[in-house]
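A structural walkthrough
Below are the chains, spelled out letter by letter.
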Amino acid sequence: MANKLGLDHLIVLREGKVVRISELQASDFFKKLAGYDTLRLALAKKAILVEGDSDELVVQRAYMDANGGRLPIQDGIDVISVGTAFLRFLELALALKIPAAVVTDNDGDTAAARKKYAAFDGQPSIRICFDPDVDTGGLTVKEKPFNYNTLEPKILKANGLETLNKMLGTAAKTDDELRLHMRANKTECALAIFSSKTAITYPDYITRAIAP
């Protein structure tokens, strides 16, 4: 694996630029990383970085809907689930001059999101995509405020209750009922969206991420 076998000595040549992975601040992180994600990023024409499996499925389907049914990988674009390690992968992408887009939640604090990615925002090869709107409501889960600013509530906002009930095979009577269902069944709902014969409307921050 590129993460384990001689990463200290790995040299990447891309567009005439030579980069030693050992020179990156995140090199220790990549040594410990399981899987092939380092190699996937290094080989990609472009990368779309997402947090989890449900985000990956929705972004893949959004790209297919915008590109005649082609998967991103067919166009050299790798959608990589990186958990919370966005900044480390962005450092590598920037060093290798790999165009990369981040798809992330604003989690109710757009100022914090902008601050987190300030070192990369404005770089011509980097695109930071999150919803600029902070949504609120009265729903609570175990006496804690519900987070209206993650993928599932944003998809519900963009499509409405009736559309998503049909797609997900649910019979929720209210938006809040469906929000709770989608929160508890993230991967299943994302898979239903990915596999559906009909397309949904995607939040603007996802369409920005998949744009050429």
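Our subject is the structure that appears above.
Conventions adopted
Residues numbered from 1 in each chain as written. Predicted model: local features only at pLDDT ≥ 70, side-chain atom pairs only at ≥ 80, totals over all residues. Heavy atoms only, no water. Helix = DSSP H or I, 4+ residues; strand = E, 2+ residues; numbered from the N terminus. Salt bridge = Lys/Arg side-chain N within 4 Å of Asp/Glu carboxyl O. Buried < 20%, exposed > 50% of the residue type's maximum accessible area, 1.4 Å probe, protein only. Pairing = 2+ DSSP bridges. Axes fitted to C-alpha atoms, helices over the stretch in contact; angles between N-to-C directions. Phe/Tyr/Trp six-rings, centres within 6.5 Å; stacked < 30°, edge-to-face > 60°.

**Some thoughts on unusual backbone geometry**
Backbone phi values are negative for most residues with the exception of glycine, while trans is the configuration of most peptide bonds. The phi dihedral of Lys97 falls on the positive side, at around 55 degrees, and the residue is not glycine. On the secondary structure map, Lys97 appears in the loop between α4 (86-95) and β5 (100-103). Notably, Asp107 is not glycine yet its phi reads approximately 50 degrees, a positive angle. Residue position: Asp107 is located in the loop between β5 and α5 (110-116).

**Notes on the pattern of salt bridges**
Between side chains of opposite charge, a pair can form as their charged atoms come close. As enumerated under the stated definition, the model contains nine salt bridges in all. In this structure, Arg61 engages Asp65 in a salt bridge whose closest nitrogen and oxygen atoms are separated by 2.8 Å. Within this pair, Arg61 and its partner Asp65 are both found in helix α3 (residues 53-66), separated by four residues, close to a single helical turn. Residue Asp65 is classed as partly exposed on the basis of its relative accessible area, which comes to 34%. Ionic pairing is found between Lys154 and Asp131, a salt bridge with its closest N-O pair at 3.5 Å. Remark: Asp131 occurs in the loop between β6 (126-129) and β7 (140-141) and Lys154 occurs in helix α6 (residues 151-159); sequence separation between them is 23 residues. Both residues of the pair, Lys154 and Asp131, belong to the buried class. Members of the salt-bridge network, linked through shared partners, are Asp131, Asp135, Lys154 and Lys157.

**A short note on the sheet that holds strand β4 (residues 77-81)**
The four strands are arranged β4-β3-β5-β6 in an open sheet whose pairing can be described as parallel. Strands at the two margins of the open sheet, each flanked by one partner only, are β4 and β6. Taking each pair of neighbouring strands and ignoring which way they run, the sheet shows an average axis angle of 15 degrees. Inspection of the sheet shows strand β3 (residues 46-50) paired to β4 by five bridges, in the parallel sense. Looking at β4, one finds that Ala47 is bridged to Asp78.

**Points about the packing of aromatic side chains**
Counted according to the given criterion, the structure contains two aromatic pairs. Considering the side-chain rings of Phe86 and Tyr117, the 6.3 Å spacing of their centres and the 75 degrees angle between planes classify their relative orientation as edge-to-face. You can see Phe86 sitting in helix α4 and its partner Tyr117 sitting in the loop between α5 and β6, a full 31 residues away along the chain. Each member of the pair, Phe86 as well as Tyr117, carries the same accessibility label: buried. Seen from their ring centres, Phe146 and Tyr148 are 5.0 Å apart, and the 85 degrees between their planes marks the pair as edge-to-face.

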